[in-house]
Amino acid sequence: MTMINTAILGATGYTGAELIRLLDQHPVFHIAHLGAHSQAGRLLHEVLPGINDPLASMRLQAADAPLADDIQLVFTALPHTAAATAVAAALAAGKKVIDLSADFRHQSADTYATAYGVTHPHPQLLPQAVYGLCEWHHQAIAHSNLVANPGCYPTSVLLPLIPLLQAGLLDSEQTVIVDAKSGTSGAGRSAKTELLYCEANESIRAYGLPRHRHVWEMEEWAQGIGGQTTHIRFVPHILPMSRGMLSTLHLNGQRTHEWLDLLTQRYASSPFVRVLPTGQLPSTKGVQGSNRCDIGVACLGRNHRGEEEAVIVSCIDNLMKGASGQAVQNANIMFGLEETLALPLHAQWP
Ligand SMILES: NC(=O)c1ccc[n+]([C@@H]2O[C@H](COP(=O)([O-])OP(=O)(O)OC[C@H]3O[C@@H](n4cnc5c(N)ncnc54)[C@H](OP(=O)(O)O)[C@@H]3O)[C@@H](O)[C@H]2O)c1
């Protein structure tokens, strides 16, 4: 089989490291270039001790080093704005790009500026970006040169929400409440005081209030794919675990007893979305190391106002379906390959 040479820019970060682990097992994609920033010039094993040879002996290139002509695919796993610059250069050099940052997830530069507090460096590229929620944009991804890999929290929220919105089963007046938890790798590898062991261990705290930047992304694509204006109140929490993400959605709507069947049917042919049977709810442990999103539904009955209520719990590994796993899934689709190539279905257990 002809191999496809790929570059990972941001190879020394958490999502970059996960991309290396996944792509090194891939039968078609070959890692030909690793880019870094402060660690450029070092050998990979000096920065990522978990990687084995021959990759471990590869030298990290500067983030703006030119890419060889035979590289066809570039993964940008960089902080926002730095990613946009790298994406623009890669597209100009004729490469296909999967961007893991937020830089191309919004359709408008104004929304991006509001959510991220910075002016978009390359707004002219926004119209060509496809929002890479694989289960909903498969066709567009297959024909795209630029895929914006969705955010981790939005992935966990949109996968259960969109089918219910499309079916018109949610009360349109409500504010959807999302109470979410993440492991600390969600914040990346750079040093932050609040993520020091002594401060994060044995502690849980909310952050990102009053409006975390992922809310704009959730609301934009709830409307863009689900077809309904949706208001979301989102409170994320950081937990003392390395990876994993659990989002609990509190919802009002109609015929809640049908929701489980609806979600089960919608995702029956989606290899990476598993809707659990009645009475079961997912856990982060159940998806750790897997590219799956696990979803559970609990019907709560009618509240004191007579409205039907339900809770949906959605779990992903933030570095897999929430980032690098979904990025590889997108790359597989983009190149017409089997969607599941090199992507683990099973979680690590225990
Ligand atoms: N972590 C998650 O769970 C997650 C989930 C979804 C999406 N994302 C997004 O994915 C991207 C990468 O996240 P991450 O968690 O992997 O971050 P990270 O661990 O902090 O890694 C950042 C990477 O970018 C490089 N870098 C830092 N500043 C740079 C600059 N100014 N110019 C060029 N390169 C620079 C770093 O290189 P050096 O190490 O050499 O300095 C490192 O390789 C971010 O946009 C993030 O929002 C992350």
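Residues numbered from 1 in each chain as written. Predicted model: local features only at pLDDT ≥ 70, side-chain atom pairs only at ≥ 80, totals over all residues.

## Concerning the sheet that holds strand β9 (residues 205–206)
In a beta sheet, neighbouring strands pair by backbone hydrogen bonds and run either parallel or antiparallel. Taken in spatial order, the 7 strands make up an open sheet running β9-β10-β8-β11-β14-β13-β12, and their pairing is mixed. Lying at the two open borders of the sheet, with one neighbouring strand each, are β9 and β12 (273–275). As paired strands, strand β8 (residues 175–182) and strand β10 (residues 231–238) are joined by 8 bridges and run parallel to one another. For A180, the partnering residue across the bridge sits in β10 and is P236. Packed on one face of the sheet, helix α9 (residues 259–266) meets β12, β13 (293–302) and β14 (308–316) and runs near 160° to β13. (Pairing = 2+ DSSP bridges. Helix = DSSP H or I, 4+ residues; strand = E, 2+ residues; numbered from the N terminus. Contact = placed C-beta atoms within 7 Å. Axes fitted to C-alpha atoms, helices over the stretch in contact; angles between N-to-C directions.)

## Here's the deal with the pairing of strand β5 (residues 96–99)
With 4 bridges connecting them, strand β4 (residues 71–76) and β5 associate as parallel partners. For V74, the partnering residue across the bridge sits in β5 and is V97. With helix α3 (residues 82–92) bridging β4 and its parallel neighbour β5, the resulting β-α-β unit is right-handed. (Right-handed = clockwise from strand over helix to strand, strands pointing away.)

## Structural notes on the sheet that holds β5
On the basis of which strands lie adjacent, the open sheet formed by 7 strands has the order β3-β2-β1-β4-β5-β7-β6 and parallel pairing. Each end of this open sheet is capped by a strand with a single partner; those strands are β3 (61–62) and β6 (129–131). Two elements, β6 and strand β7 (residues 146–148), share 3 bridges in a ladder whose sense is parallel. When the sheet's bridge partners are listed, A129 is paired in β7 with L146. In this fold α3 packs onto β1 (4–9), β4, β5 and β7, with an angle of close to 165° to the strand it touches most, β5.

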